[in-house]
Amino acid sequence: MKFHVYKGVFIFLILPYIIFVLLFVLSGHLETAKNLLIIPTLYALVVIITLVKAVRYKYENNFETKGAKEEMAVSFISLTPWVSLPVIDYFNSGQVVEATTTNTGFLLLLGLHLKQHIRKVKAEHQRLIESEEQLSQWNEKLQAEVDKRTREIERLSIDERILQSCKQYQLTAREREIARLICRGSSYKQIAESLFIAERTVTKHVQNIFDKVKVSSKLELLNKLGIVPIN
């Protein structure tokens, strides 16, 4: 196809046209000049064969696909005026036949190009919608991750405040851990399972915490430590 684009058009179309004009001007006989019209006609047939081979190569000899059929149709219709005009002029078929053939070919070609353009616009629109949906999903995931990290930071901040408050009451490491779990809303049973100790041991530690902090209930402990229950 590169040959046709860069050389073939000039050699077999433009050059014969120039020669056609020169012969007509020099000889004054249209019939003599018309014989050159066979060159672009034959060249059009060569281009058609080349296009068929190119489409066959592109679609791996599979002409059943919609894309292959449309590409072949566009190729043949686009060449119809080119092939028909020299033949019509050579046989003097008249301007009506010439106008009908060329206009029909151009209209069909325009229709196919419009159809392909509309399909391309629809495909781009669909890709845009899919991109927006994907971006929306990414935003939701990002927001969920930000919320998760924020809660973790808040939880760490609260844990730090709990530990700082416990230090002033000289609680042991075990008592501080139990106090932290109490602030999280854990029950004695849950604390025991979490620390792998007996529930009665948890009760004893809690009583020691109450004595050191000078409170008599979980709510008073939370207020004394300056912590609200963590859900």
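Analysis parameters
- Residues numbered from 1 in each chain as written.
- Predicted model: local features only at pLDDT ≥ 70, side-chain atom pairs only at ≥ 80, totals over all residues.
- Heavy atoms only, no water.
- Buried < 20%, exposed > 50% of the residue type's maximum accessible area, 1.4 Å probe, protein only.
- Helix = DSSP H or I, 4+ residues; strand = E, 2+ residues; numbered from the N terminus.
- Salt bridge = Lys/Arg side-chain N within 4 Å of Asp/Glu carboxyl O.
- Axes fitted to C-alpha atoms, helices over the stretch in contact; angles between N-to-C directions.
- Parallel < 35°, antiparallel > 145°, perpendicular 65-115°, else oblique.
- Contact = heavy atoms within 4.5 Å.
- Nonpolar A, V, L, I, M, F, W, Y, C, P; charged D, E, K, R; others polar.
- Disulfide = S-S within 2.5 Å.

Asker: I'm lost on helix α6 (residues 173–183) in this one. Help?
Answerer: An α-helical turn contains 3.6 residues, so a residue and the one three or four places further along point in the same direction. Looking at α6, one finds that the buried residues are E175, I178, A179, R180, L181, I182 and C183. Downstream of α6 by one or two residues, G185 has phi in the positive range, about 90 degrees.

Asker: Can you walk me through the pattern of salt bridges in this structure?
Answerer: When the charged atoms of two side chains with opposite charge come close together, those side chains can pair. Under the counting rule described, the total for this entry stands at two salt bridges. For R180, the salt bridge is made with E177, and the minimal N-O distance between the two is 2.4 Å. Here R180 pairs with E177, and both are found in helix α6, just three residues apart, close to one helical turn.

Asker: Whenever I open this one, the packing of helix α7 (residues 188–195) against helix α8 (residues 199–213) confuses me. Can you help?
Answerer: Pairs of packed helices are described in terms of their axes, by the angle between the two and the distance that separates them. Interaxial distance between α7 and α8 falls to 8 Å at its minimum, and their mutual angle equals 110 degrees. Classified by the interaxial angle, the pair formed by α7 and α8 is roughly perpendicular. On α8, the residues touching Y188, K189, I191 and A192 of α7 are E199, V202, T203 and V206. In terms of residue class, the contact of α7 with α8 is made up of five nonpolar, one polar and two charged.

Asker: Looking at this structure, how should I read the state of the cysteines?
Answerer: Here is the idea: a disulfide is a covalent bond, and it sits between the sulfur atoms of two cysteines. Evaluation of the coordinates by the stated rule reveals zero disulfides. C166 provides the cysteine sulfur closest to C183, a residue in no disulfide bond, and the two sulfurs are 6.8 Å apart. For C183, a relative accessible area of 0% corresponds to the buried category.

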